[in-house]
Amino acid sequence: MSTFITTEKRTHYCGSVSIADDGREVILMGWAHRRRDHGGVIFVDLRDREGIVQIVFNPEAGQTVHGEAHRIRNEYVLAVKGTVRKRPEGMTNPALSTGQVEVVISELEILNESKTPPFSFDDEDISENIRLKYRYLDLRRPAIQQNLFLRSRLASATRHYFEENGFIEVETPFLTKSTPEGARDYLVPSRISKGMFYALPQSPQIFKQLLMVSGFDRYYQIVKCFRDEDLRADRQPEFTQIDVEMSFISEEDIMRMMEGLMARIFKACLDREISLPLPRLTYADAINRYGKDNPDLRFGMEIVDLTSIVKNSGFKLFADVSASGGVIKAVRAEQASGLSRKDLDGLTDFVAIYGAKGLAWAKVNEADWTSPIFKFLQAGEVSAINEAMAAKPGDIIFFVADTPRIVHDSLGNLRLNLAKKLNLIDPDALAFTWITEFPLMEYSESEKRYVSTHHPFTSPFLEDLSLMSTDPGKVRARAYDLVLNGSEIGGGSIRIHQKDVQSQVFSVLGLSDEEARLKFGFLLDALEYGTPPHGGLAFGLDRLTMIMTKAESIRDVIAFPKTQKAACLLSDAPSRVGIEQLMDLSLKIV
RNA sequence: GGGGUCGUAGUUAAGUUGGUUAUAACGCCGGCCUGUCACGCCGGAGGGCGCGAGUUCAAGUCUCGUCCGCUCCGCCA
């Protein structure tokens, strides 16, 4: 074989050959995307990461080259030398960015052959298990490559932004200490200390706070985090955070700095302008108006509280729910009377997922309602509801009556479901909102104690401190989430920097001084050595990339993702290990 | 842990009320073809229906179990 590759250098990417190169000799290397062999002339679409260009083998080019070109099959790896030529009249291909030109080949070297791939790279609906098993081939598909290119630009823009603003990137350990609060840890057994385990970090939370104690003042890191919890379409067991912490700052400073980051990222990656400052919503407002702490603000359809209108209603269900401390709320789907009875039954099943025992609906007419509950309501109630909902003929009102928790869950998700069904969402919209004033802790029925909403180092509102002993659920946290298009893309808080406040929080969480020492002793010690006021936040880089690429699954923005059972179909991880490895670690499988 | 859904040639799918040799398209292989670009034309190979039991004269088709993918609830400070 010749030594094309060692003596010659590639001059262009396939996708970057243009009409400006007309007449120029170029050297290209890439994969045979498709061949069209006419017996005489042979066309090959040559593909690399930048795109596709048509290369042409004419019989006149010579026996050797033409003969070799007959051997080309899909996905063969080629090196070619040839001359760029404007395509003959009427033979351009507008579907191709390089469709004005073609490259007439004078030299060819087949650098490598390829087995027939298990699936076509044009086909969009290949089952995911096949794609994941042959992920290296799946990643040849331009659509996924584009996602990863964008992800890289996102990370790059992030680094530039933080460097310009005086942040230092510091790496924190992956082999670290298991922390009891929060998600389940991935554990790594220690060989040297028998029976002991490291944990992979759920986030670098404590370490970045320690860096503030050390005086680094502004820290960031693009870092893998690990959580051993069940997966979702937007959750992987290992995922990437843009992790940030700052000293001598308040909420305002951090939120401004992060808004700047968002503006930079969207400008750099998508050339989109974000108007700042970003809107804000308190947690309580978000729940009351949208039923969720990650509301999708790309459309309206706000939840309306009807409890005061119907609490004394002749409709027993409403009256009973109200009397037992529940609420009656509703959303209005504009001009949705096209929904069939079957659709409505489907929606009832849908809200049942969130614990709702039923879903009442009312089609609004000129004078009355078409509704199973119409006959139970007085005329005054109907008109009051119509007014509260701003209902117009053709609208449908959906009611849920239950505990606040179930009502918000049901209607919050119903709102999303309806918006998709009724096409209310502009796919290009970017609806940011900060969510502020989260509760510091919530009572956990399963654990029979208060648990942190965010994490135990989150600072309470100082003016709420007196509630700590009397009504801990009412204490607000100095925490903030950033939500984009209904997805929580980041969250953080001002941290506790005084030891006595930290002790108070631990005690409400049911952690004794002794336990707290055992679990977080090193952080508590550090807090006693001149800790500056500090706070920070972390963004989910994967989720942000998902939104920016309009990916439906987090797997489409991760090169080598895991399945819902947390398995890697490519490498076959996790897998059994040999007895020797287990013995080294003093482990026994039970 | 639970709910839903899927599994039939390499791929994507079709397979009626269980009934001879399990279809199609694309891909693959061979032949022909000098302007195609989802090239075209002719011919061919390729699976026993995720796996395991069961019902039946007879099972992709019914039953049970099991595995895998996806999705949701719980979970994810």
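The structure presented is a predicted model; accordingly, all values stated were derived computationally and were not measured.

Student: Help me understand the protein's contact with RNA strand B in this model?
Tutor: In the vicinity of RNA strand B lie 49 residues, with M91, E229, D230, S452 and H454 positioned nearest. For RNA strand B, a sugar or linking oxygen lies 3.2 Å from a polar atom in the backbone of V41. In this structure, R235 approaches RNA strand B through a side-chain N or O atom, which is 2.7 Å from a base oxygen.

Student: Looking at this structure, how should I read the pairing of strand β9 (residues 218–226)?
Tutor: In summary, the side chains of a regular strand alternate between the two faces of the sheet. In terms of residue burial, β9 counts as a mostly covered element, since seven of its nine residues are buried. Note: strand β6 (residues 168–169) against β9, two bridges, orientation parallel. By the bridge assignment, I168 is partnered in β9 with Y219. Note that β9 and strand β10 (residues 238–247) share nine bridges and pair antiparallel. Across the sheet, the residue bridging to K224 is T240, located in β10.

Student: Looking at this structure, how should I read the state of the cysteines?
Tutor: Every disulfide links exactly two cysteines, by a covalent bond between their sulfur atoms. Tallied over the entire structure, the rule returns zero disulfides. A disulfide-free cysteine, C225 has its sulfur positioned 20 Å from the sulfur of C568, the nearest such atom.

Student: Would you mind showing me how to read the nonpolar core here?
Tutor: A general tendency of soluble globular proteins is for nonpolar side chains to be buried together. Within the largest apolar cluster, 38 residues are counted, with the highest numbers of intra-cluster contacts made by M258, M262 and I265. By residue number, the principal contributor to this core is helix α7 (residues 251–270), which donates ten residues. Here M262 is in contact with I274, F432, L482, I489, F539 and L544, once residues within four sequence places are set aside. By size, the runner-up hydrophobic cluster in this structure holds 26 residues, among which are A333, V351, F398 and L418.

Student: Even after reading the chapter, I still don't get the packing of aromatic side chains, so can you show me in this structure?
Tutor: To describe a pair of aromatic rings, you give the distance between the ring centres and the angle between the ring planes. All chains considered together, the criterion is met by 18 aromatic pairs. The interplanar angle of 50 degrees and the centroid separation of 6.4 Å between the aromatic rings of W369 and F374 together place this pair among those described as tilted. The partly exposed category is assigned to F374, whose relative accessible area is 30%. An aromatic cluster of at least three residues, connected via ring pairs, comprises F315, F318, W369, F374, F376 and F399. Its guanidinium or amino end placed over the ring of F461, R476 lies 4.3 Å from that ring's centre, counting from NZ or CZ.

Student: Whenever I open this one, the pattern of salt bridges confuses me. Can you help?
Tutor: Pairing of side chains with opposite charge becomes possible as their charged atoms draw close. Considering all chains together, one arrives at 46 salt bridges under this definition. Two residues, K208 and D243, come together in a salt bridge whose shortest N-O distance is 2.7 Å. Note that K208 is positioned in helix α6 (residues 205–214) and D243 in strand β10, a separation of 35 residues in sequence. The class for D243 is buried, based on a relative accessible area of 1%. E252 is the salt-bridge partner of R256, the closest N and O atoms lying 3.7 Å from each other. Of this pair, R256 and E252 both sit in helix α7, four residues apart, which is roughly one turn of that helix. Residue classification places R256 among the partly exposed positions, given a relative accessible area of 41%. With relative accessibility at 36%, the residue E252 sits in the partly exposed group. Residues participating in the shared-partner salt-bridge network are R131, R135, D138, R141 and D556.

Conventions adopted
- Residues numbered from 1 in each chain as written.
- Chains lettered and ligands numbered in written order.
- Predicted model: local features only at pLDDT ≥ 70, side-chain atom pairs only at ≥ 80, totals over all residues.
- Heavy atoms only, no water.
- Near = heavy atom within 4 Å.
- Polar contact = N/O pair within 3.5 Å; in protein donor to acceptor, adjacent residues only side chain to side chain.
- Buried < 20%, exposed > 50% of the residue type's maximum accessible area, 1.4 Å probe, protein only.
- Helix = DSSP H or I, 4+ residues; strand = E, 2+ residues; numbered from the N terminus.
- Pairing = 2+ DSSP bridges.
- Disulfide = S-S within 2.5 Å.
- Core = buried A, V, L, I, M, F, W, Y, C linked by side-chain atoms within 4.5 Å.
- Contact = heavy atoms within 4.5 Å.
- Phe/Tyr/Trp six-rings, centres within 6.5 Å; stacked < 30°, edge-to-face > 60°.
- Lys NZ or Arg CZ within 6 Å of the ring centre and 35° of its normal.
- Salt bridge = Lys/Arg side-chain N within 4 Å of Asp/Glu carboxyl O.

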